[in-house]
Amino acid sequence: MKHSERPQIRSTTVIGVIRDGKAALGSDGQMTLGNTVVKHSTRKIRRLYQGKLVAGFAGATADALTLLDRFETKLEAYNGKLERAAVELARDWRTDKYLRRLEAMLAIVSNDKALIISGTGDVIEPEDGIVAIGSGSMYALAAARSLMQHTTLSAKEIVHESLKIAADICIYTNDHIVVEEV
């Protein structure tokens, strides 16, 4: 089977928000293979660097876990400096033949920074402190922006509500929601 003929794994909405000195990142739990749901409760986020950061992934699970492990190594090497570790991972991603083939993205939040590390090795820091990746990301992003502007909900509440909204719209997102806060 050619690479282009393999069923595409779609499985994710990950959203992170910074508000009032707190950050939250959450994801749904659905994993699909082609047009079939294969798992409802996949955990796509985890705490990093002594619990000070939360990272989530979208894309091929094995690829994403490889990137998370590499990112965690960079965090340790650079004493938890989020931006430096992200830039170093992105540099490796662009130059390493093995890493370049990985099909995944990362979203990372700390209490004062929100970053996306893209599949092309870019490091993106959105101006509004909201990061979103995955198949339902644009739905969750729109919901989070509206909730940030028109409510006083906490970061954790905004993430949860945004994921619920995305789950109602995106067929690759479910309502088995996990949210972590720092």
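Relevant structure appears above.
Just so it is clear, the model here is predicted, and its values are computed rather than measured.

J.: Outline the overall build of the chain, supporting the account with residue identities and numerical values.
T.: Each helix and strand counted, the chain has 5 helices and 12 strands in total. Taken against the 2.2 N^0.38 rule, which gives 16 Å for 182 residues, the C-alpha radius of gyration of the chain at 15 Å falls within 12% of a compact globule. Taken along the three principal axes of its C-alpha coordinates, the chain extends 50 × 40 × 25 Å. By the burial criterion, 48% of the 182 residues in the chain qualify as buried. Restricting to contacts in the chain with at least 6 residues of sequence separation, those with at least 24 account for 60%. Surface summary for the chain: the accessible area is close to 9,200 Å², and the carbon and sulfur share equals 49%. Put simply, the chain has 24 plus and 23 minus side-chain charges, and the middle of one group is 5 Å from the middle of the other.

J.: With reference to specific residues and values, describe the environment of Glu-125.
T.: Relative to the helices and strands, Glu-125 resides in the loop between strand 10 (123-124) and strand 11 (130-134). Glu-125 sits 11 residues away from Ala-114 along the chain, and the two C-alpha atoms are 6.0 Å apart. Beyond its immediate chain neighbours, meaning those up to four positions away, Glu-125 contacts Glu-83, Lys-113, Ala-114 and Leu-115. Within the structure, the side chain of Glu-125 is placed 3.3 Å from the side chain of Lys-113, a separation counted as a polar contact.

J.: Run through a nonpolar patch on the surface, naming residues and quoting values.
T.: Among the surface-exposed residues, Tyr-139, Ile-165 and Ile-169 lie close enough to one another that they form a single nonpolar patch of about 260 Å² accessible area. Within the fold, Tyr-139 resides in helix 4 (residues 137-150).

J.: Please provide a residue-by-residue account of the sheet that holds strand 8 (residues 104-109), values included.
T.: Within the open sheet, the 5 strands sit side by side as 6-7-8-9-10. Their pairing is antiparallel. Every interior strand has two partners, whereas the edge strands, strand 6 (45-48) and strand 10, have only one. Direction of pairing for strand 7 (residues 53-59) relative to strand 8: antiparallel, over a ladder of 6 bridges. Bridging across to strand 8, Gly-56 finds its partner in Ala-107. With respect to the sheet, helix 2 (residues 82-95) is in contact with strand 7, strand 8, strand 9 (114-117) and strand 10, its orientation differing from that of strand 9 by roughly 5°.

J.: Describe the side chain of Ser-162, listing the residues and the values that go with them.
T.: Relative to the assigned elements, Ser-162 resides in helix 5 (residues 155-169). Once you skip the residues sitting within four places of it in the chain, Ser-162 turns out to touch Ile-15, Ala-140, Ala-143, Ala-144 and Leu-147.

J.: Describe helix 4, with residues and values.
T.: Between its first and last C-alpha atoms helix 4 spans 20 Å; for 14 residues at 1.5 Å apiece the expected length is 20 Å, and the two agree. Those residues of helix 4 lying buried are Ser-137, Ala-140, Leu-141, Ala-143, Ala-144, Leu-147 and Met-148. Taken down its axis, helix 4 places every buried residue within 165° of arc, on the same side. Away from its buried face by more than 90 degrees, helix 4 exposes Met-138, Gln-149 and His-150.

J.: Hey, could you go over the nonpolar core for me, with residue numbers and the actual values?
T.: Phe-71, Leu-106, Ile-108 and Ile-117 are the most contacted members of the largest nonpolar core, which has 21 residues in total. Setting aside residues up to four positions removed in sequence, Phe-71 forms contacts with Leu-48, Leu-82, Ala-85, Ala-86, Leu-89, Leu-106, Ile-108 and Ile-117. Counting 17 residues, the second largest nonpolar core, distinct from the first, contains Val-17, Ala-140, Leu-141 and Ala-155.

J.: Give a description of the pairing of strand 6 that names residues and reports values.
T.: As paired strands, strand 6 and strand 7 are joined by 4 bridges and run antiparallel to one another. Opposite Ile-45, over in strand 7, you have Gly-56 as the bridge partner. In sequence, strand 6 turns back onto strand 7 through a hairpin of 4 residues, with Tyr-49 there showing a positive phi of about 40°.

J.: With reference to specific residues and values, describe unusual backbone geometry.
T.: The backbone phi angle of Tyr-49 is positive, close to 40°, even though this residue is not glycine. By relative accessible area, which is 14% here, Tyr-49 ends up buried. A positive phi angle is found at Asn-79, which is not glycine, with a value near 50°. Structurally, the position occupied by Asn-79 is in the loop between helix 1 (61-77) and helix 2. Classification of Asn-79 as exposed rests on a relative accessible area of 56%.

Cut-offs and rules
- Residues numbered from 1 in each chain as written.
- Predicted model: local features only at pLDDT ≥ 70, side-chain atom pairs only at ≥ 80, totals over all residues.
- Heavy atoms only, no water.
- Helix = DSSP H or I, 4+ residues; strand = E, 2+ residues; numbered from the N terminus.
- Rg over C-alpha atoms; globule rule 2.2 N^0.38 Å.
- Buried < 20%, exposed > 50% of the residue type's maximum accessible area, 1.4 Å probe, protein only.
- Contact = heavy atoms within 4.5 Å.
- Areas by Shrake-Rupley, 256 points an atom, 1.4 Å probe, with all protein chains shown as cover.
- Lys, Arg positive; Asp, Glu negative; His and termini not counted.
- Charge placed at Lys NZ, Arg CZ, Asp CG, Glu CD.
- Polar contact = N/O pair within 3.5 Å; in protein donor to acceptor, adjacent residues only side chain to side chain.
- Patch = residues over 30% accessible without salt bridge, like charges linked within 9 Å, V, L, I, M, F, W, Y side chains within 5 Å.
- Salt bridge = Lys/Arg side-chain N within 4 Å of Asp/Glu carboxyl O.
- Pairing = 2+ DSSP bridges.
- Axes fitted to C-alpha atoms, helices over the stretch in contact; angles between N-to-C directions.
- Expected span 1.5 Å × (residues − 1).
- Arc of directions from axis to C-beta.
- Core = buried A, V, L, I, M, F, W, Y, C linked by side-chain atoms within 4.5 Å.

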